[in-house]
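One-letter residues, chain by chain:
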Amino acid sequence: KMLAMQAMLEPAQASERRILVLGARREASLAPPYWREAMIAAGLGRLDVVFCGPEVPRGMKSYECNGLSMQYHSCVFEKLDPRRYVDGADVVMLYNPGLGHPAMAASWRESLKKLLVDAPKVCEKLPFVEISR
């Protein structure tokens, strides 16, 4: 995942980036030093990462130190103010969040509508089977 993150951040046109990770699960558990490494590798002075998903571990505390900011939201995207998070994002990441899974597709419908209209860039890591659904 770090290679994907580095590729997404390069080349850094600005000194800061804001990433919104939707459907986050284990990505939210990645320790800040790994995100800092991606920030440094991309030549950024600031990196804001916002994790949102019902599987984000509850009770995770926001983190801010030396240009790295991480926020955690254990909820579906519709529960947040999409303008606050999507408008400020340089990239919206979807790490196989179950978009096409029959049991989860309906729950993603409203989020996808908001993203398709408002998102600056959407990157995903979806298997072909899920994309075809």
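Scroll up for the structure.
Described in the following lines is the structure provided in the data block.

How each quantity is defined
Residues numbered from 1 in each chain as written. Predicted model: local features only at pLDDT ≥ 70, side-chain atom pairs only at ≥ 80, totals over all residues. Heavy atoms only, no water. Helix = DSSP H or I, 4+ residues; strand = E, 2+ residues; numbered from the N terminus. Buried < 20%, exposed > 50% of the residue type's maximum accessible area, 1.4 Å probe, protein only. Contact = heavy atoms within 4.5 Å. Areas by Shrake-Rupley, 256 points an atom, 1.4 Å probe, with all protein chains shown as cover. Pairing = 2+ DSSP bridges. Phe/Tyr/Trp six-rings, centres within 6.5 Å; stacked < 30°, edge-to-face > 60°. Arc of directions from axis to C-beta. Polar contact = N/O pair within 3.5 Å; in protein donor to acceptor, adjacent residues only side chain to side chain.

Some details on the overall build of the chain
Consideration 1: Counting its secondary structure elements, the chain contains five helices and six strands.
Consideration 2: Its helices and strands taken in sequence order, the chain reads α-β-α-β-β-β-α-β-α-β-α from the N to the C terminus.
Consideration 3: Of all 133 residues assigned to the chain, the portion counted as buried reaches 41%.
Consideration 4: Taking contacts inside the chain between residues at least 6 apart in sequence as the whole, the part at least 24 apart equals 70%.
Consideration 5: If you sum the accessible surface of the chain, you get close to 7,400 Å²; carbon and sulfur atoms cover 54% of it.

Focus on the side chain of Arg36
Consideration 1: Looking at where Arg36 falls in the secondary structure, it is placed in helix α2 (residues 32-41).
Consideration 2: Non-local contacts of Arg36, meaning those with residues more than four positions away in its chain, are made with Tyr63, Cys65, Asn66 and Leu68.

Examining the pairing of strand β5 (residues 91-94)
Consideration 1: Judged by which residues are buried, β5 turns out to be covered on both faces: Val91 and Met93 on one side and Val92 and Leu94 on the other are all buried.
Consideration 2: Both strand β1 (residues 16-22) and β5 contribute to a ladder of four bridges, which runs parallel. Directly across from Ile19, in β5, lies its bridge partner Val91.

Some details on the packing of aromatic side chains
Consideration 1: Tallied over the full model, the rule gives two aromatic pairs.
Consideration 2: Seen from their ring centres, Trp35 and Phe51 are 5.5 Å apart, and the 75 degrees between their planes marks the pair as edge-to-face. Taken as a pair, Trp35 in helix α2 and Phe51 in strand β2 (residues 46-52) lie far apart in primary sequence, 16 residues in all.
Consideration 3: Owing to a relative accessible area of 2%, Trp35 belongs among the buried residues under this scheme.

Considering α2
Residues that lie three or four places apart on an α-helix share one face, since the helix turns once every 3.6 residues.
Consideration 1: Of the residues making up α2, those classed as buried are Trp35, Arg36, Ala38 and Met39. Axial view of α2: buried residues confined to an arc of 160 degrees, hence all on one face. Among the exposed residues of α2, those oriented more than 90 degrees off its buried face are Pro33, Glu37 and Ile40.

Describing the environment of Cys52
Consideration 1: The residue Cys52 is located in strand β2 in this model.
Consideration 2: Sequence separation between Cys52 and Val21 is 31 residues; the distance between their C-alpha atoms is 6.1 Å.

Quick notes on the side chain of His73
Consideration 1: Along the chain, His73 falls in strand β4 (residues 68-73).
Consideration 2: Of the residues examined, His73 reaches a relative accessible area of 17% and is grouped as buried.
Consideration 3: In terms of polar contacts, His73 uses its side chain to reach the side chain of Gln71, at 3.5 Å.
Consideration 4: With residues up to four places along the chain from it excluded, the contact list for His73 reads Val50, Phe51, Cys52, Gly53, Val56, Leu80 and Tyr85.

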